[in-house]
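Residues per chain, in single letters:
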Amino acid sequence: MADTTSLFSPYRMGKFNLSHRVVLAPMTRCRALNGIPNQALAEYYVQRSTPGGFLITEGTLVSPTAPGFPHVPGIYNEEQTQAWRKVVDAVHAKGSIIFCQLWHVGRASHPVYQPGGAAPISSTTKPVSARWRILLPDGSYGTYPKPQALATHEIPQIVDHYRQAAINAIRAGFDGIEIHGAHGYLIDQFLKDGINDRTDEYGESLENRCRFLIQLVKAVVNAIGAERVAVRISPAIDHLDAMDSNPLRLGLAVVERLNKVQREVGSKLTYLHVTQPRYTAYGQTETGRPGTEEEEANLMRNLRKTYEGTFMCSGGYTRELGLEAIAQGDADLVSYGRLFISNPDLVQRFKLNAPLSKYNRKTFYTQDPVVGYTDYPFLSKSRL
Ligand SMILES: Cc1cc2nc3c(=O)[nH]c(=O)nc-3n(C[C@H](O)[C@H](O)[C@H](O)COP(=O)(O)O)c2cc1C
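Everything numeric here is computed off the predicted structure, so don't read it as measured data.

Our next topic: the site of the ligand. Around the ligand, a shell composed of 19 residues is seen, among which Pro-26, Thr-28, Arg-232, Gly-316 and Arg-338 lie nearest. At 2.8 Å, a backbone N or O of Gly-337 approaches an oxygen atom of the ligand. With respect to the ligand, the side chain of Arg-338 contributes an N or O atom lying 2.7 Å from an oxygen atom. A total of 590 Å² of accessible area belongs to the ligand in isolation, and the protein chains cover 99% of it. Here the residues of the shell around the ligand sort into eight nonpolar, nine polar and two charged.

Structure representation (structure tokens):
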């Protein structure tokens, strides 16, 4: 019998039974005024829920030093945790499974976002180069400041913030958490040799550069169980100068260490989420770093082959590319970002091969609770 696995066939993701493989990618949308999830967020996630579907939230702050965008939700205090509960309950009522993405931007911040106007923290004192601009609370763009490098003894405290945030997420009712180790943010600032210039046990060798991520994976796994923990990486994405001299080697180093954690705890993580090299984070341009299609496919296939668990890919997938990725066994799940912004019923549209609405970049990070957020149209009843 021919293999009929498709984007629309069910998938058992650890303890979760998914009815299809079209996942909502984590996306920062800057609508959680003052860091508190609200009714607008509930509406946005509910719109994108399907029975047995899987959603990943926007990057959610693990501590007061974590933000680098305006109005990003947090999950480090009680008020935020209780407010998330309402969002999660609404999504669960629609039958979807939802993970909270845990985020710390590290040096990709600005004193304006930091407690007491301090310099942001990182693995390094090197700032993000002037090639990149930071979105400030007033809607203007600024340059990234010089960060302060975390002292070795300060790192366990940051690990603990992730652990506590994961516990809060479970208390809020989330089905699990995804650790944001991608796109040039704090964890990636440790992973990439183009940024990490430390000489302590967190720098230089691959073992050392992976240490921060692996320590916090273990801390979170101990707190909430491996089957509720996922990891996102982007070894080949140079967003915010996150360059590595050998992305494939770095990616494999992370994957092998995650496999080891899984073997040690005797349980698999929920999934590994990898961003395609072709994509530049945040959709500023359509294509990312120069690299042949063959190189990209090689990187993804190698990580997929080596990782002992569920593999999710993201970045520039269309309906056709998603169908192809699943049919060829290149991934178990595909996460969709921009297309899901402008098509709340993306799953339905994909199933019907219906036309898609275009997204408007201008409203990706604005604060209106409706415009560019929950006002994208559903397919008219006549098409259903
Ligand atoms: C507006 C916007 C916000 C994003 N925010 C996040 C984020 O908070 N965390 C994250 O891991 N990725 C983030 N991304 C990347 C997406 O998860 C996704 O990988 C990316 O959009 C590529 O997929 P696409 O081609 O389907 O849009 C963001 C992307 C966009 C467009």
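Here we take up the packing of helix H3 (residues 155-171) against helix H5 (residues 206-224). The geometry of H3 relative to H5 is characterised by a closest axis approach of 9 Å and an angle of 35 degrees between their N-to-C directions. Considering how the two elements wind past one another, H3 and H5 form a crossing that is right-handed. Across the interface between the two elements, Ile-155, Ile-158, Val-159, Tyr-162, Arg-163, Ala-166, Ile-167 and Ile-170 of H3 pack against Phe-212, Gln-215, Leu-216, Ala-219, Val-220, Ala-223 and Ile-224 of H5. Residues belonging to the contact of H3 with H5 are distributed by class as follows: 13 nonpolar, one polar and one charged.

Attention now goes to the side chain of Thr-310. Looking at the secondary structure, you find Thr-310 in the loop between helix H7 (293-306) and strand E13 (311-314). Given the relative accessible area of 7%, Thr-310 is considered buried. At a separation of 2.6 Å, a polar atom in the side chain of Thr-310 contacts the side chain of Tyr-11. When residues no more than four places from it in sequence are discounted, the contact partners of Thr-310 are Tyr-11, Met-13, Thr-270, Tyr-271, Leu-272, Asp-332 and Leu-333.

Scanning the model with the defined rule gives 16 aromatic pairs in all. On the basis of an interplanar angle of 80 degrees and a centroid distance of 5.8 Å, the ring pair of Phe-16 and Phe-99 is categorised as edge-to-face. You can see Phe-16 sitting in strand E2 (residues 16-18) and its partner Phe-99 sitting in strand E5 (residues 97-103), a full 83 residues away along the chain. Just as Phe-16 is buried, Phe-99 falls in that class too. Linked through ring pairs, Phe-69, Trp-103, Tyr-185, Tyr-359, Phe-364 and Tyr-365 together constitute an aromatic cluster.

Moving on, we get to the confidence of the model for the protein chain. Summarising the model, the protein chain shows a mean pLDDT of 94, and 94% of its residues fall at 70 or more. Note that residues 281-290 has pLDDT below 50 and, in this model, 29 contacts with residues that lie over four places away or in other chains.

Calculation rules
Residues numbered from 1 in each chain as written. Predicted model: local features only at pLDDT ≥ 70, side-chain atom pairs only at ≥ 80, totals over all residues. Heavy atoms only, no water. Near = heavy atom within 4 Å. Polar contact = N/O pair within 3.5 Å; in protein donor to acceptor, adjacent residues only side chain to side chain. Areas by Shrake-Rupley, 256 points an atom, 1.4 Å probe, with all protein chains shown as cover. Nonpolar A, V, L, I, M, F, W, Y, C, P; charged D, E, K, R; others polar. Axes fitted to C-alpha atoms, helices over the stretch in contact; angles between N-to-C directions. Helix = DSSP H or I, 4+ residues; strand = E, 2+ residues; numbered from the N terminus. Left-handed = near helix turned anticlockwise from the far one by under 90°. Contact = heavy atoms within 4.5 Å. Buried < 20%, exposed > 50% of the residue type's maximum accessible area, 1.4 Å probe, protein only. Phe/Tyr/Trp six-rings, centres within 6.5 Å; stacked < 30°, edge-to-face > 60°. pLDDT = per-residue confidence, 0-100.

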